[in-house]
Amino acid sequence: MNRLRNFSLVELSVDHPRWVVFITAFITLGFLTQFPKARTDTNPKNMLPPTSEVRVSNDAVERTFDLYEDMIVVGIANESGILNQGTLGKIKTITAEILKIPGVAARDVAGFTTIDNITVEKGTLQVSPLMADVPESPRELDRLRKQLFENHMFVGRIISQDGKTAAIYVPLEKGANGKEIADKIRGLVGQQDGLENYYVAGDPVARDTFGAEMFKLMAIFAPMAGLVMFMVRYLMFGDLFLSVALMMDAMIAIIWSMGLLIGLGLPIHVMSSMAPVFLMAIATDSIHIFNEFYFRYKEERDKKAAILKTMQAVGRPVRYTALATAAGFSVLLFMNIIPVKVFGGLVAFGTVILRILSFTFVPAMFTFVTAESVEKASQGEEIKTSHTSLFLGRLAGLGAHRPWIVVLTGLVFFAVAVAGTTRITVNNNMVEWFKKSSEVRTADRVMNKALGGTSLGYLVVGSKEGEAEFIKTPQALRHIEGLQRRLESLPDVGKTTSVVDYVKRINRVLHKDDRAYDRIPESKEMVGQYLFLFSMSAKPSDLDNVVDPSFQKANVWVQLKTWDAKAMRGVIETAKAYQRENPLALEITPAGIAYFNMVWNDEVLWDMIKGFLLALVVIFVILAVNFRSPRWAVVGYVPLLFTVILIYGAVGFMGKDFDMPISVLSCLSLGMAVDFSIHFINRFRQRIEEGRAAPGPESIEEALVWTAARPGKGILRNAVLFAAAFSVMLFAPLTPYVTVGAFIVSMMLLSAILCFVYIPALIVLLRKWLFAAEENQK
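Residues numbered from 1 in each chain as written. Predicted model: local features only at pLDDT ≥ 70, side-chain atom pairs only at ≥ 80, totals over all residues. Heavy atoms only, no water.

A.B. asks: Quick one: what's the story with the overall build of the chain, residue by residue and with numbers?
C.D. replies: Looking only at helices and strands, one finds 30 helices and nine strands in the chain. Overall, the chain is about 115 × 55 × 50 Å in size when its C-alpha atoms are taken along their principal axes. Counting all 778 residues of the chain, 59% fall into the buried class. Contacts spanning at least 24 positions in sequence make up 81% of the contacts within the chain whose residues lie at least 6 apart. (Helix = DSSP H or I, 4+ residues; strand = E, 2+ residues; numbered from the N terminus. Buried < 20%, exposed > 50% of the residue type's maximum accessible area, 1.4 Å probe, protein only. Contact = heavy atoms within 4.5 Å.)

The following block contains the structure:
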């Protein structure tokens with residue numbers, strides 16, 4: 001039992017370094033074998049569990065109305081107008097080729113040559129393609145123009161109001177890859193010459209393109225982050241072997257973590273694709289071991305003794321910073337968003353592995369370093385001569401000697417930042433995850449401006465009593481028509497379509513195209529006859545998409561000009577207001593990808609609030625246990641809370657929307673920013689305790705300056721390395737990566753500054769309260 005109690009993982013690693021390295025390498029190879037099985041998933045539906053209410057209801061609506069989950073919109077723009085033989089010929093050629101692409105639901109592609117047009121010939125209702133052949137004469141062109149612009153169902157959908165933009169709607173079969181199909185369509189349109197511009201937009205394009213880019217970025221930015229950290233670390237220590245050793249520490253944890261993720265059969269989402277960079281940065285906490293080792297070596301002149309005393313000095317703060325970081329990420333396991341759960345567990349596991357390696361692999365690697373290399377690297381570690389140490393000592397002196405000025409200044413900034421946080425809005429718009437100049441975002445912007453919109457939501461209107469054929473009643477149809485007109489008055493709604501539009505169109509053409517009959521018939525029987533005639537000639541999907549087989553429910557298509565969650569929320573609120581003003585025994589249920597995005601957005605908001613509050617409690621408990629005092633926990637807590645609020649306040653004032661990645665960081669930031677407080681306060685209290693036994697004990701102010709100058713150098717190095725790792729993300733083509741990079745860089749540098757300035761000020765002001773508690777404990 002005594003042997004077990006006296007067991008030291010560090011001593012074992014120092015005594016048997018080759019075995020430690022061999023076992024580590026063997027396990028690493030095992031995890032590497034899982035990498036070929038990697039797959040990505042960026043489908044928004046999979047952000048929530050299959051049993052979530054919105055997924056279940058959306059799936060039911062898709063089955064009821066025979067709807068496709070994904071739709072690509074192809075835009076053709078010509079500033080001189082679409083209605084000319086050349087452009088129309090290209091539209092026909094492109095459409096014909098799109099129908100041949102595997103994964104495209106060819107039977108339901110909607111464009112000039114495939115969309116059903118309702119007309120009357122010799123008193124008989126005819127349903128046929130709008131443009132079977134390209135018009136060859138001015139008269140035929142005029143006829144096509146009339147058919148287009150006198151049909152409400154076409155304007156805003158397949159042709160713009162100004163006649164300069166046309167669209168082809170391409171539904172995808174279940175499981176089809178939107179990016180692959182979009183790339184094939186881009187290849188088709190790229191073969192066309194002339195004045196036309198072509199655009200490919202839609203949720204599957206954005207989603208699957210993002211997934212492909214995400215996979216590439218993971219392969220590029222993790223090595224780039226490692227290279228930047230390696231260069232910075234080499235500049236810090238000037239020792240190639242030690243720089244490689246710390247780099248290996250990070251790479252091993254990444255391989256183990258990602259290998260576990262892939263081995264468990266889990267896909268890589270947008271958040272988990274960032275995990276390698278997070279782990280690369282978290283590995284920088286080992287810098288405190290390196291930092292202290294050089295100081296200890298100068299004192300001991302014995303490598304093994306220096307390693308053991310280093311781990312004895314920094315072991316406790318290193319363990320607790322790992323615990324705090326892992327706890328911050330573990331909080332994400334309680335979230336509702338699946339990729340966030342996976343990301344939290346993934347990085348928490350990696351953080352634990354990093355700390356195990358800090359007490360095994362890192363000490364073992366120290367034994368391979370020659371004494372000459374250590375001597376050379378430790379030359380600049382003297383407190384009295386190091387410019388960095390002197391600078392940090394002055395920062396701590398500012399807080400220690402002018403505590404009131406420092407604390408009050410911080411409170412002013414904190415109050416302003418709190419006001420900024422009230423301006424924060426949460427919005428997950430996947431199209432805006434691309435930069436403004438990107439092909440995806442440009443296509444979406446052009447199509448939304450010219451046509452009804454690329455974001456699609458549904459409102460299912462049904463009889464409360466389940467009355468069969470209720471939708472055929474003029475009363476129900478007029479109610480739906482009024483709802484459509486109300487929705488179309490919203491700025492973000494470009495177009496609505498329902499069974500009402502078919503009924504009105506049929507009524508008009510059967511009355512010699514008289515505009516006076518562009519209205520709903522007066523009887524249910526007449527409506528039933530019209531729809532029966534239409535169903536005999538039309539594609540099955542024409543009616544299936546807008547009414548259920550029993551005519552108890554109708555589906556209103558709502559095209560939105562933005563993917564912002566607020567757009568669908570506005571639709572739902574307007575529908576509710578319309579229902580209150582026009583009471584009828586109907587119920588209105590939202591559905592569609594736009595509705596899912598809104599629900600997902602709300603889940604992110606509540607997850608952010610829940611996670612942030614949970615992280616606040618967990619981190620405080622960890623600090624209190626580590627310091628064995630809730631009073632010292634308060635001192636360590638304040639700087640990290642200030643850091644998070646100051647940055648979030650700045651985000652609020654800038655008007656930047658919170659998307660899923662930055663919302664997740666609200667929980668993680670607490671776990672990462674607390675590391676510096678743990679190291680600073682632990683080493684300061686160690687210094688005070690050691691000084692009590694000395695003949696001439698230091699003052700609190702002198703101990704604070706020493707803490708900033710010696711262990712604080714490790715804190716600064718940690719912050720710089722952490723920031724350097726994430727700085728590479730500032731150059732990413734996807735905005736979530738840029739946002740996360742900017743957030744982490746700012747957080748690390750700001751939290752380090754507050755650690756050096758604000759903690760000394762708080763300790764000096766609260767010295768009686770803090771040290772009285774310690775005396776009482778003794």
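A.B. asks: Before we move on, could you go through the packing of aromatic side chains and cite the residues and values that matter?
C.D. replies: Under the criterion given, the structure shown has 13 aromatic pairs. Ring geometry for phenylalanine 684 versus phenylalanine 771: centroids 6.5 Å apart, planes at 65 degrees, classification edge-to-face. In this pair, phenylalanine 684 sits in helix 26 (residues 660–692) while phenylalanine 771 sits in helix 30 (residues 767–777), placing the two residues 87 residues apart along the sequence. On the accessibility criterion, phenylalanine 684 (0% relative accessible area) is buried. Taken together, Phe414, Phe642 and Tyr758 form an aromatic cluster joined through their ring pairs. The ring of phenylalanine 551 carries lysine 472 above its face, with NZ or CZ at 4.4 Å from the centroid. (Phe/Tyr/Trp six-rings, centres within 6.5 Å; stacked < 30°, edge-to-face > 60°. Lys NZ or Arg CZ within 6 Å of the ring centre and 35° of its normal.)

A.B. asks: Describe in detail the nonpolar core, supporting the description with residues and values.
C.D. replies: Grouped together as the largest cluster of nonpolar side chains are 254 residues, with contacts concentrated most on Ile72, Phe112, Val499 and Phe726. Among the elements that make up this core, the one with the highest residue count is helix 29 (residues 735–765) (18 residues). Apart from the residues within four sequence positions on either side, valine 499 is in contact with Ile471, Leu477, Leu531, Leu543, Val546, Val547 and Ala554. (Core = buried A, V, L, I, M, F, W, Y, C linked by side-chain atoms within 4.5 Å.)

A.B. asks: An account of the sheet that holds strand 5 (residues 197–201) is needed here, citing residue identities and associated values.
C.D. replies: Across the sheet, three strands lie side by side as 4-1-5; this open sheet has antiparallel pairing. Each edge of the sheet is formed by a strand with only one pairing partner; in this case those strands are strand 4 (165–172) and strand 5. Taken over all neighbouring pairs, the strand axes of this sheet differ in orientation by 15 degrees on average, direction set aside. The sheet contact formed by strand 1 (residues 70–77) and strand 4 spans eight bridges and is antiparallel. Residue pairing in the sheet places valine 74 in a bridge with isoleucine 168 of strand 4. Against the sheet, helix 7 (residues 178–190) engages strand 1, strand 4 and strand 5, with an angle of about 20 degrees to strand 1. Here helix 18 (residues 439–450) sits on the sheet and contacts strand 1, strand 4 and strand 5; the angle it forms with strand 5, its principal contact strand, is near 100 degrees. (Pairing = 2+ DSSP bridges. Axes fitted to C-alpha atoms, helices over the stretch in contact; angles between N-to-C directions.)

A.B. asks: Tell me about the environment of glutamate 522, residues and numbers included.
C.D. replies: Looking at where glutamate 522 falls in the secondary structure, it is placed in the loop between helix 20 (499–509) and helix 21 (524–537). Linking glutamate 522 and alanine 708, residues 186 residues apart in sequence, is a C-alpha distance of 85 Å. Sequence-distant contacts of glutamate 522, that is, excluding residues within four places in its chain, are made with Pro474 and Arg478.

A.B. asks: Go over the sheet that holds strand 8 (residues 553–560) with me, naming the residues and quoting the values.
C.D. replies: Here we have four strands laid out as an open sheet, ordered 7-8-6-9, and antiparallel in their pairing. Pairing within the sheet leaves two strands with one partner each, and these edge strands are strand 7 (493–497) and strand 9 (586–591). Each strand of the sheet is rotated relative to its neighbour by a mean of 25 degrees, with strand direction disregarded. The pairing of strand 6 (residues 455–463) with strand 9 spans six bridges and is antiparallel. The partner of serine 463 across the bridge, within strand 9, is leucine 586. Taken strand by strand, helix 19 (residues 474–488) contacts strand 6, strand 7, strand 8 and strand 9, and its axis lies near 165 degrees from that of strand 7.

A.B. asks: Residue-level account of the domain arrangement of the chain, with values.
C.D. replies: For the chain, the domain assignment lists domain 1 (1–50 + 238–372), domain 2 (68–207) and domain 3 (445–598). If you average the C-alpha positions of domain 1 and of domain 2, the two centres end up 54 Å apart. (Domains from an automatic or database assignment.)

A.B. asks: Describe the packing of helix 12 (residues 303–330) against helix 13 (residues 338–358), and please don't skip the residues or the numbers.
C.D. replies: In the contact formed by helix 12 and helix 13, the axes pass within 8 Å of each other and the chain directions differ by 170 degrees. Between helix 12 and helix 13, the interaxial angle falls into the category roughly antiparallel. Across the interface between the two elements, Met311, Val318, Ala322, Thr325, Ala326, Phe329 and Ser330 from helix 12 touch Phe343, Gly344, Val347, Ala348, Thr351, Val352, Arg355 and Ser358 from helix 13. Of the residues contributing to the contact of helix 12 with helix 13, the split by class is nine nonpolar, five polar and one charged. (Parallel < 35°, antiparallel > 145°, perpendicular 65-115°, else oblique. Nonpolar A, V, L, I, M, F, W, Y, C, P; charged D, E, K, R; others polar.)

A.B. asks: Help me get a handle on the pattern of salt bridges, residues and values and all.
C.D. replies: Here the structure, examined in full by the defined rule, presents 24 salt bridges. Residue lysine 164 is joined to glutamate 79 by a salt bridge in which the shortest nitrogen-to-oxygen separation is 3.7 Å. Of this pair, lysine 164 sits in the loop between helix 6 (138–149) and strand 4 while glutamate 79 sits in the loop between strand 1 and helix 5 (85–98); the two residues are 85 residues apart in sequence, bridging distant segments of the chain. For lysine 164, a relative accessible area of 29% puts it in the partly exposed group. Taking the shortest distance from any N to any O, the salt bridge between arginine 508 and glutamate 150 comes out at 3.4 Å. Of the two residues, arginine 508 sits in helix 20 while glutamate 150 sits in the loop between helix 6 and strand 4, which places them 358 residues apart along the sequence. Using a relative accessible area of 5% as the deciding quantity, one classes arginine 508 as buried. Given the relative accessible area of 25%, glutamate 150 is considered partly exposed. (Salt bridge = Lys/Arg side-chain N within 4 Å of Asp/Glu carboxyl O.)

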